[in-house]
Amino acid sequence: MICKKKTLLTATALGAMTLATSAMAERGTDGQLNLLLWQAPSTLNVYLSTGTKDMLASSLILEPLAAFAPDGEIVPRLAAEIPSMENGGISEDMTQITWKLKEGLKWSDGSDVTAEDVKFTADYCMSEEGGCSQAAKFDAIASVEVVDPLTVTITFDSPRPYPFQAFVGSQAPILQKAQFENCLGAAAATCTEANFGPIGTGPFMVTDFRTNDVASFEVNPEYREADKPAFANVNLKGGGDSAAAARAVLETGEYDYAWNIQISPETLNQMLAAGMGKLEVEFGATTEHLKMNMTDPSPDLPEGERSTVAHPHPILSDENVRRALSMAIDRNILNEIGYGETGAATCNMVNGPAEFAADNTDCLTQDIEGAKALLEEAGWTDEDGDGIREKDGRKLSLLFQTSVNAVRQDFQALIKQWWQEIGVQTELKTVDASVFFGSDPNSPDTLVKFYADVEMYTDVYDGTDPGTFLAEHACDAIPSPENQWQGENAARFCFEEYDAMVEQMSQTSGTEARAALAQEMDLMLTRDTMVLQPLISRGRVSVSSNALAGVQMNPWDSEFWNVADWSRAE
Amino acid sequence: MLTFVIRRLLLAIPTLLFISLVIFLLLELSPGDPLGDVPLTVPPEVKERMREALGLGRPWPVRYVLWLKQFFYVEPLYWIDGIFRTDFSQGMQRIISFQSRSPVFDVIAQRVPQTLTVVGMSYLIGVMIAIPIGIISAYKQYSWFDQLGTFVSMVGFSMPTFFTGVVLIIIFGVKLQWFPSIYDTTHQVTDWDSFLVQVRQMVMPVTVLALYNAAQISRFMRASMLDNLGQDYVRTARAKGLGERTVVMKHVLRNSLIPVVTVIALGLPAVFGGAIITEQVFKVNGLGQLLISAIHANDIPMVLTLTFIFAILIVIFTLIADILYGILDPRIRYD
Amino acid sequence: MTETERQQRLDREELVAETAGPAPVSTELPPDDPVHAGEETRSQWRDVWRQFRSHTGAMVALVLFIGVILFVTIGPYIWTADPAYVDILARNTGFTAEHPLGTDQLGRDMLARLMVGGRVSIAVGLTAMILAITLGSLIGVLSGYFRRLDAPLMRLTELFLALPLLPLLLLMVTLFREPLSQAFGPAMGIFLLIVSAIGATSWMQSARIVRGDVLGLKEREFILAAKSIGTPAPRMILRHILPNVLSPIMVAATLGIATAIITESALSFLGLGFPPDFPTWGRLLYDAVDQMQMYPTRVILPGLLISLTVLCVNYIGDGLRDAMDPRIRGR
C-alpha cells in the first residue's frame, strides 16, 4: 500500500516536472495570468503598508536578498548564498552579517543592482519620519556598510542569534536607490508614482496600478532567468468577498488563482465538486485560540483600573476553571465545522515549522465529565440549581468576545453550549474587526484592552522563528493605561519563570536549541497554565484553477514566491 | 427666484463648513484606528511611528484646518496647474489617503467613471421604468398590472441586494455562464465588440440596482398619482372635455411629481456615493467600495473628502428640488 | 407589544380620520359637488372599516399579517425547541418530524429560529419605521408649514443626509451600548439602541417628501380659507395638512419597514446589533447566502417571511389609505 502510494507520488512528481520543463521553454508564451485578491492591494511599496495583500502584489516585482521556502528554510534570492557562521557570513560574536549579491543582477529599467541599493533600503526604512511599517525588522541595526558593489555588511547593537529579519522575506525587499532617493523620511508619502510603480528585479513589472482596485503587470525583460516567467501578463484584481473569489476560480473559471479563502468547508467542497480547480493549503504560523483574561474586566471598577494587573480576575485566576473550560471544548468538531481541510485541531500556539511545534495533544479529547469534576473539586458548585455554578457567592459567568466573522460566531455558539454543559454561563459579544484589532486607546472594544473575560482571535508570527512572538507574553508587554494600552500581552500572562525563558531565548542561537526552548515556552503558555487555549492551526488557503501549473503554497512567505515557475496547464 | 437661489447658495457655505466639521469630529470620535489593520506582529513602537507619519500626532483642530486648506486651496490650485500648466501648487501637500499614501482626488477621479456608468445607468433605467409603471398602476388601480407591479416592486425592495446579486451570479454567471461575475474596470470600449463586452458585464449589477430603485420610485409615483386622480380638478378637466391623455399626462402627472422629484433629488447624490453592497458583490470597485473600504480602514482624509463632496451634492440637489417645486407648482413661493 | 403598538397606530389613524375634515380641493374651478365640512363623529371610523373590509387585498394582507404576528409571538410557546441549542449530530437536516423546517449548519432548529428571529425583526422593523416616520413627518410638516423653521430644519436634514452612516452607528454603539444595557438589560438596551439608531438615520427622506407636499398644499384655497377663518396652526396641521400628505407617508412607512429589517441585519454583521446568538430574519438570510446552492430553503424561508411582512404592510397601508380618502370612500 505504502509502496503503491510512493510510486504514485513519484509519478505525479515526474508528471509535474515534465509539465514544468515543457512550459519553461520560453518566456512570456502563456498569455495572461489572472489573480484575484478579494482584499485589493492599496500600494506596491511594502514599507508603507502592513497588509498581506500589498505584500503579495509587490512580491511579483520586488525581491528580498533571501526568502523562505515552503518548508521554512531560508533560500537565496538576490543573495548569492545564505550567510552562516560556517561560510563566514555571520561573525563569531553574532553582531555582524555579511550578504553577497548574485552577479549580473539588473533592475527592470536595465541598471545594475548594487550593494548601495541594499544600504539605501535600510536607510529608507530606518529614517525617522517615514513611518516604515517594517521598522521592527531593522530594529537594533547599528550600521549598514557597503564593502564592495556586491557586498554589504550589517552590524547590530548587540549579538543577534537570529539575524534573518532585514532583507529576508517578501516583507523586506530591496528598493532601487535611484527611484526612491527623494522619498526618504517625511517625503515617503509624496512619492505616489514610485510607491505605485516600484522598479524591481522580480519576474514582472507593473504597467498600471489602481489603488484598491486592480493592477496590471508584464514580463520584466531583465529578469535573471532568461526562460522565465511563462506568463506574459498578470492581471491582479481586487474586491468582493472570499466566497465570490472562490466562486470565480472554482465555478465560473474566470480567474486562475484566488487568495485567502475563508468559507465553510461544506461550501468549499461543493464548489470544488465542479472540478475546475483545487485547494492550496499549507500550515504555518497561524493559530486560532482563546485568551483568558487574568485581570478583572468588571465594569464596576473605575475606568483605568479595569483589566489591569491591580485586580486579578475573580474567576479565571483559578487555574482549575481555565483547565475545565479547555477540557469542555471539542476542537475536532470545531475544526470540522469551521475549517475542514483548511485547518487542524491543535494544542499548541506555535505550530510550525515542524521542529518548533511541541508534542502536545492532551487537549484534543473533549472531557465534559472531567471538567465538571475539576470544577466541583475546586469548589465551584451549583448550589441554587439554576445550572450555573458559583463559589463564594460569585456566579461562574463569562463575557466572551471576538471579531465579526461567520466562523467565529459559529465557534462562539458551540463553545457557549459546551460551557453551559459544565455549568458555566456565557454572554457573547462581537466587535467589528477594524475596531477589535485596532489600538484606539479610547475604544473599549479592542482586543488589547480586553474588557471581557475570554476572547478569541488568530495569532500569527512573522517569518519562521517564533522568538519575538513568544517574547510578547512577558510581564512587561502587558497593556495598561500607563502605556496607552500598547502591549501585545493581551491575556496579562505574567510568570517569572516565563520571563526568564524569554531572556534566555534572546541569547540562544542555532535552530535546534531555539526550537527546544520555544517548545518549552509554548507548553507553559498552553498546557501548563491554560491561559492561552489554542483551538485550530489555520492553514494558508487559496484556490487555483486546473488551468494553472506550478503553484506551490508557501506558508512562510509570499504565496507568489515561485510565480516565475507558474505556467498554463495544457 | 434668483434672489432665493443666491441666498441659498450663500447660506450653503456656512452650512457646508459646519457639516465638514461635524463629519470630521464624528470620524475622530468614532472608535476605530487607522492602524487597525496592521497585523499583531508589528510592535507598538513601530505603530506609534507609523501614526506620526500619518500626521495623527497633531491635535485635531490643526488637522481639521489643514484639511480645509488642502481642500479649498491646494487642490483647486493643483487643478489650475493641471489646466494652465502653471506651478502654483509646487511643494504643497495635497490631501493624502492613509491607506495608499496617494492623493485622494486622484483615486476618486479613477473611480468616478465606473460608478457613473453602473450606478448612474441603473438609476436612469430605474427612473425610466418606475415612472410609467407608477402612472399606469395608479390609473388602473387594482388591475392585474397594478397588482403585479405592486408585488414585484415590494418583493424587489424587501430583498436586499446582497441576496439578489448572488442569486443572479449563481443563475447567470455560474449555471448559464451568460454574464461575467466579475466586473473588469480596466476594460476600454473601443469598438462594437468591446462595447458588447461592456454591456454584458454591466447587465447584472445594473439589473439589481435598477430593480431596487424602480421599486421605490414607482411606489411614490403611484401613491402621488392616486392622490391627484381623485381630485376635483381632474373631474373638472374631464368635464371640460379634455382628452384623457391630456388630463393624465399634463394635469395629474405634473401635480404628482413633487414627491417623486424629492426622491430622485435625494437619489442622485447617492449615485455619486455608489452602491456599496452591489459594487462589492460584482466587484465593480467604484466610489461605494472606495468609501466602505476607507471607512473600514479609518482612512480619515478619504472618508472626509468623499462625504464632503457628497454633502455638496446633497446641498445642490436639494436646492434644485426646491426650484423644481416652484416650477411644478407655481403657487409655491420662497421669497 | 407590536400588537398594542399596531392598535395604537390604528387608534391614532382613527383620530386623524375623525378630525380630518374632507378636503375639497380645486385648482381650476370651484368643486362641482361641494362636500359639506364634516360633523360626522364616530360613524366615520365605522365607515373606514367598512371600506377597508371591501378591499380584498387589504383584508387578505391583514389576515396574513396577523398570522405572521401570531407565528412569532405565540409560535415559540407551541413549538418549544430552543433556537440556540446546538445539535452537532443533526446538522443540515432537511424537513423532518423532529425539525419541521430543517436545521442550520450547527444543527439549530430553523423553525424555532425563524419564530424568535421574526419577533426581533418585526419589532425592530415596526418601531424603527414608526420612529423614522414620526420624526420625518414632524420635521417635514414644521419646515414646510412654518417658513421661519424651514431653513434651519432643512439644513439639519442636509447634515443628517451627509453624515457617513457607519462611523455614526459605530460611535452611537460605543457611547450608548453599556449605559443602555445597564439601564434596561442587555436585550432591551440593544433593542432601544438599534431602533433609535435606525430611526435617527432614516427620517430624512420622509421629511423632505412631506415638506415638498406641504409647501404645495399650504398655498391651496382650502388652507387659505381655513387660515382666513382663524384656524390655529396645530389644528390646521392635524386637520388639514396631515391627512393630505398621508399617502406618501404610507409609502415611506412600508418601504421603511423593509429597510429597517435589512439594516438591522447589516448592523448585526457589523457587530453593532444583537449578540450573535440572537437570530433575526435579516441575519438568517445573510448567513445562508453563501450556502444557498446547497440549502436553498435556508435563504428562501427568511426571505419569504421578510417579503411577506412587507407586502402585508403595504396592502394594509393601501387599504387604509383608500378607506380614509373621503373622495374614494363610498364610491
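Please read these numbers as outputs of a predicted model, since none were measured by experiment.

What counts, and where the lines are drawn
- Residues numbered from 1 in each chain as written.
- Chains lettered and ligands numbered in written order.
- Predicted model: local features only at pLDDT ≥ 70, side-chain atom pairs only at ≥ 80, totals over all residues.
- Heavy atoms only, no water.
- Helix = DSSP H or I, 4+ residues; strand = E, 2+ residues; numbered from the N terminus.
- Rg over C-alpha atoms; globule rule 2.2 N^0.38 Å.
- Buried < 20%, exposed > 50% of the residue type's maximum accessible area, 1.4 Å probe, protein only.
- Contact = heavy atoms within 4.5 Å.
- Lys, Arg positive; Asp, Glu negative; His and termini not counted.
- Charge placed at Lys NZ, Arg CZ, Asp CG, Glu CD.
- Axes fitted to C-alpha atoms, helices over the stretch in contact; angles between N-to-C directions.
- Parallel < 35°, antiparallel > 145°, perpendicular 65-115°, else oblique.
- Left-handed = near helix turned anticlockwise from the far one by under 90°.
- Nonpolar A, V, L, I, M, F, W, Y, C, P; charged D, E, K, R; others polar.
- Pairing = 2+ DSSP bridges.
- UniProt positions renumbered as here; feature names shortened; annotations may be inferred.
- Salt bridge = Lys/Arg side-chain N within 4 Å of Asp/Glu carboxyl O.
- Polar contact = N/O pair within 3.5 Å; in protein donor to acceptor, adjacent residues only side chain to side chain.
- Buried area = accessible area lost by both parts, 1.4 Å probe.
- Phe/Tyr/Trp six-rings, centres within 6.5 Å; stacked < 30°, edge-to-face > 60°.
- Lys NZ or Arg CZ within 6 Å of the ring centre and 35° of its normal.

Q: Help me out: how do you make sense of the overall build of chain A in this one?
A: From N to C terminus, chain A includes 15 helices and 20 strands. Taken against the 2.2 N^0.38 rule, which gives 25 Å for 570 residues, the C-alpha radius of gyration of chain A at 25 Å falls within 12% of a compact globule. Projected onto its principal axes, the C-alpha positions of chain A cover 80 × 55 × 50 Å. Here chain A holds 570 residues, and 62% of them are scored as buried. Long-range pairs, those at least 24 residues apart, make up 68% of the contacts in chain A between residues at least 6 apart in sequence. Measuring between centres, the 39 positive side-chain charges of chain A sit 4 Å from its 87 negative side-chain charges.

Q: I tried to follow the packing of helix H1 (residues 2–29) of chain B against helix H6 (residues 147–162) of chain C on my own but got confused; where do I start?
A: When two helices pack together, you describe them by how their axes are tilted relative to each other and by the distance separating the axes. It is at 10 Å that the axes of H1(B) and H6(C) come closest, and there the two elements cross at 45°. Of the possible angle classes, the one that applies to H1(B) and H6(C) is oblique. Crossing handedness for the pair H1(B) and H6(C): right-handed. In contact with B:Arg8, B:Leu11, B:Thr15, B:Phe18, B:Ile19, B:Val22 and B:Ile23 of H1(B), H6(C) contributes C:Ala151, C:Arg155, C:Glu158, C:Leu159 and C:Ala162. Looking at the contact of H1(B) with H6(C), its residues break down into 8 nonpolar, 1 polar and 3 charged.

Q: Just checking my understanding: could you explain the sheet that holds strand E5 (residues 141–148) of chain A for this structure?
A: Sheet strands line up and pair through hydrogen bonds in the backbone, either parallel or antiparallel. Residues and elements named next belong to chain A. A sheet is described by the order of its strands in space; here 3 strands give the open sequence E4-E6-E5, paired in antiparallel fashion. The two strands at the open ends of the sheet, each matched to only one other strand, are strand E4 (96–100) and E5. The average angle at which neighbouring strand axes cross in this sheet is 20°, direction not considered. Both E5 and strand E6 (residues 151–156) contribute to a ladder of 6 bridges, which runs antiparallel. Bridge pairing in E6 links valine 146 to valine 152.

Q: Quick question: what am I supposed to make of the UniProt feature "domain: Solute-binding protein family" (unreviewed entry) in chain A here?
A: Mapped onto this numbering, the UniProt entry annotates "domain: Solute-binding protein family" (unreviewed entry) at residues 73–464 of chain A. Measuring from the first to the last C-alpha atom of residues 73–464 of chain A gives 8 Å, for a span that is 22% helix and 22% strand.

Q: Mind showing me how you'd approach the interface of chain C and chain B here?
A: With 63 residues of chain C at the contact, the number on the chain B side is 68 residues. Across the chain C-chain B interface, the total number found is 6 salt bridges. C:Arg211 is paired through a salt bridge with B:Asp322; the nearest N and O atoms lie 2.9 Å apart. Linking chain C with chain B are 11 residue pairs in polar contact (both at pLDDT 80 or more). Among the secondary structure elements, those contributing two or more residues to the side of chain C that touches chain B are H6, helix H7 (165–184), helix H9 (204–217), helix H12 (246–269), helix H13 (281–288) and helix H14 (296–324) of chain C. The element contributing the most residues to the side of chain C that touches chain B is H14(C), with 11 residues.

Q: Is there a simple way to explain the UniProt feature "transmembrane region" (unreviewed entry) in chain C in this structure?
A: Within this numbering scheme, the UniProt entry marks residues 59–79, 120–146, 158–177, 183–203, 245–274 and 294–317 of chain C as carrying the feature "transmembrane region" (unreviewed entry). Within residues 294–317 of chain C, the helical portion is 92% and the strand portion 0%, while the C-alpha atoms at the span's ends are 37 Å from each other.

Q: Explanation requested: the environment of B:Val208 in the structure shown.
A: Residue and element names in this part refer to chain B. Here valine 208 is to be found in helix H7 (residues 192–229). As for valine 208 and glycine 286, which are separated by 78 residues in sequence, their C-alpha atoms are 16 Å apart. With near-sequence residues (within four places) excluded, valine 208 lies in contact with Thr161, Thr164, Gly165, Leu168, Thr278 and Phe282.

Q: How should I be thinking about the interface of chain B and chain A in this particular structure?
A: When the parts of a complex come together, some accessible area is lost, and that lost area is often used as the size of the interface. Chain B puts 49 residues into the contact, and the matching count from chain A is 56 residues. Of the roughly 4200 Å² buried between chain B and chain A on both sides combined, carbon and sulfur atoms contribute 51%. Looking only at chain B, the three residues that lose the most surface to chain A are B:Leu40, B:Arg49 and B:Arg101, adding up to 16% of its buried area. If you look at where chain B meets chain A, you find 0 salt bridges. For the pair chain B and chain A, the number of links is 13 residue pairs in polar contact (both at pLDDT 80 or more). Mapped onto the side of chain B that touches chain A, the elements with two or more residues apiece are helix H2 (44–53), helix H4 (104–139), helix H6 (161–175) and helix H11 (287–296) of chain B. The biggest single contributor to the side of chain B that touches chain A is H2(B), with 7 residues. Its residues assigned to classes, the side of chain B that touches chain A comprises 20 nonpolar, 21 polar and 8 charged.

Q: Sorry if this is basic, but what is going on with the packing of aromatic side chains here?
A: For any pair of aromatic rings, the description rests on two quantities: the centre-to-centre distance and the angle between the ring planes. The tally for this structure, following the rule as stated, stands at 41 aromatic pairs over all chains. Look at A:Trp38 and A:Trp259: their rings are 6.4 Å apart centre to centre, the planes differ by 35°, and that puts the pair in the tilted class. Placement of the pair is A:Trp38 in the loop between strand E1 (32–37) and helix H2 (52–58) and A:Trp259 in the loop between strand E10 (257–258) and helix H7 (265–272), with a sequence separation of 221 residues. Here A:Trp38 matches A:Trp259 in class, with each residue buried. On the numbers, 5.5 Å between centres and 90° between planes, the contact of B:Trp67 with B:Phe308 is edge-to-face. Remark: B:Phe308 occurs in helix H12 (residues 300–328) and B:Trp67 occurs in helix H3 (residues 60–84); sequence separation between them is 241 residues. Each member of the pair, B:Trp67 as well as B:Phe308, is classed as buried. Linked through ring pairs, A:Tyr47, A:Phe120, A:Tyr124, A:Phe138, A:Phe167 and A:Phe180 together constitute an aromatic cluster. Taking the ring centre of A:Tyr451 as reference, the NZ or CZ of A:Arg306 above it sits at 4.0 Å.

Q: Help me understand unusual backbone geometry, please; the structure alone is not making it clear to me.
A: Cis geometry marks the peptide bond from A:Lys228 to A:Pro229; its omega dihedral reads -5°. Within the secondary structure layout, A:Pro229 lies in the loop between strand E8 (214–219) and strand E9 (233–238). A positive phi angle, near 60°, is found at A:Ala140, a position not held by glycine. Relative to the elements of secondary structure, A:Ala140 occurs in the loop between helix H3 (115–126) and E5. Under the relative-accessibility criterion, A:Ala140 is labelled partly exposed at 29%. Here B:Gln177, not a glycine, exhibits a phi torsion of approximately 55°, which is positive. By secondary structure assignment, the location of B:Gln177 is in the loop between H6 and H7. When its relative accessible area of 42% is taken as the criterion, B:Gln177 is described as partly exposed.

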